[in-house]
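Spelled out, the chains give:
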Amino acid sequence: MALYRFRVTFEDYDDVMREIDIKSNQNFEDLHKAIHQSTGYNPEFPSSFYISNDQWIKGEEITYLPNQKRIDRGVSLMEKVKLSSFIDDPHQKFYYTFNFDRPYDFHVELMKIILDETKGVVYPTVIKSVGEAPRQIIAGVVPTILPPTDDDFDFLNEMAFSPEDAEDFSEVTDTGEHDEQEEKVADDEEEDEFGNEFSDDEGFEDDSKGHDDY
């Protein structure tokens, strides 16, 4: 039995790649599930392969868990279509969209045809994996936010201080030494001011004594 070796890449994540070997008589649903065995995603979401040209332009659609619109259009089901039915090119390409609600788009390209399968291997099988797939996003599922731990204790936040309060907080905790020094300098200046003023009055007092004869 011949094998197809497909290279699967995310359209928006160039550093993530998988290579999958699959039998030529297996179907598109087998390939769909093999891709998500390699990404760690739950495969049970509506998805489609599209026959593609070298520019990744979508052609005929092959779908999984179709909505009513696709059913009415008579779109082929993955479980009923063998891969060999659409391999017309030694580098056949498929554009693949997983989970229409929160889609990830993939490029799936046939890399080579292997004439003999390896005994003991269960196909499809992932033979090469590069990069970590992005986290699967499921519509309607809100991520859990855990409360802060003791290690996350933030004094200013706990005391309801905003960043603008930080300067005021530093003033409250000031030792006051700087203010005492400023007050002492101010007192000295005031003493000098009045000292100079009254020193001029000494002459006035002496003059008044000279007028006792009047």
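This text follows the structure it describes.
Being a predicted model, the structure only gives us computed values, none of them experimental. (Residues numbered from 1 in each chain as written. Predicted model: local features only at pLDDT ≥ 70, side-chain atom pairs only at ≥ 80, totals over all residues. Heavy atoms only, no water.)

Caption draft 1: Up close: the overall build of the protein chain. The helix and strand inventory of the protein chain stands at six helices and eight strands. Each helix and strand of the protein chain, placed in order from N terminus to C terminus, yields the pattern β-β-α-β-β-α-β-β-β-β-α-α-α-α. In the protein chain, which comprises 214 residues, the proportion classed as buried is 31%. The contacts of the protein chain with a sequence gap of at least 6 include a subset with a gap of at least 24, amounting to 62%. (Helix = DSSP H or I, 4+ residues; strand = E, 2+ residues; numbered from the N terminus. Buried < 20%, exposed > 50% of the residue type's maximum accessible area, 1.4 Å probe, protein only. Contact = heavy atoms within 4.5 Å.)

Caption draft 2: Fine view of the nonpolar core. Among the nonpolar cores identified, the biggest contains 30 residues, and Phe-6 and Val-108 are the most heavily contacted of them. Contributing elements (two or more residues each) for this core: strand 1 (3-10), strand 2 (17-23), helix 1 (28-39), strand 3 (47-52), strand 4 (58-64), strand 6 (93-98) and strand 7 (104-114). With sequence-adjacent residues up to four places away left out, Val-108 is seen in contact with Phe-6, Arg-7, Val-8, Leu-31, Ile-35, Phe-49, Trp-56, Gln-92, Lys-93, Phe-94 and Tyr-96. (Core = buried A, V, L, I, M, F, W, Y, C linked by side-chain atoms within 4.5 Å.)

Caption draft 3: Representation of the sheet that holds strand 4 in the model. The strand order across the open sheet built from eight strands is 5-4-3-6-7-1-2-8, with neighbouring strands paired in mixed fashion. The open sheet has two edge strands with one neighbour each: strand 5 (76-77) and strand 8 (125-130). The sheet contact formed by strand 3 and strand 4 spans five bridges and is antiparallel. Looking across to strand 4, one finds that Tyr-50 is bridged to Glu-61. (Pairing = 2+ DSSP bridges.)

Caption draft 4: How the structure looks around the pairing of strand 2. The buried fraction of strand 2 amounts to six of the seven residues, a majority that puts the element mostly inside the structure. The pairing of strand 1 with strand 2 spans seven bridges and is antiparallel. Residue pairing across strands places Thr-9 opposite Met-17, the latter belonging to strand 2. The loop that links strand 1 with its antiparallel partner strand 2 comprises six residues.

Caption draft 5: Broad picture of the side chain of Gln-136. Among the structural elements, Gln-136 can be located in the loop between strand 8 and helix 3 (155-158). Classification of Gln-136 as buried rests on a relative accessible area of 16%. Only 3.0 Å separates the side chain of Gln-136 from the backbone nitrogen of Asn-42, close enough to count as a polar contact. With sequence-adjacent residues up to four places away left out, Gln-136 is seen in contact with Tyr-41, Asn-42, Phe-45, Phe-98 and Tyr-104. (Polar contact = N/O pair within 3.5 Å; in protein donor to acceptor, adjacent residues only side chain to side chain.)

Nothing here speaks to function; it is geometry throughout.
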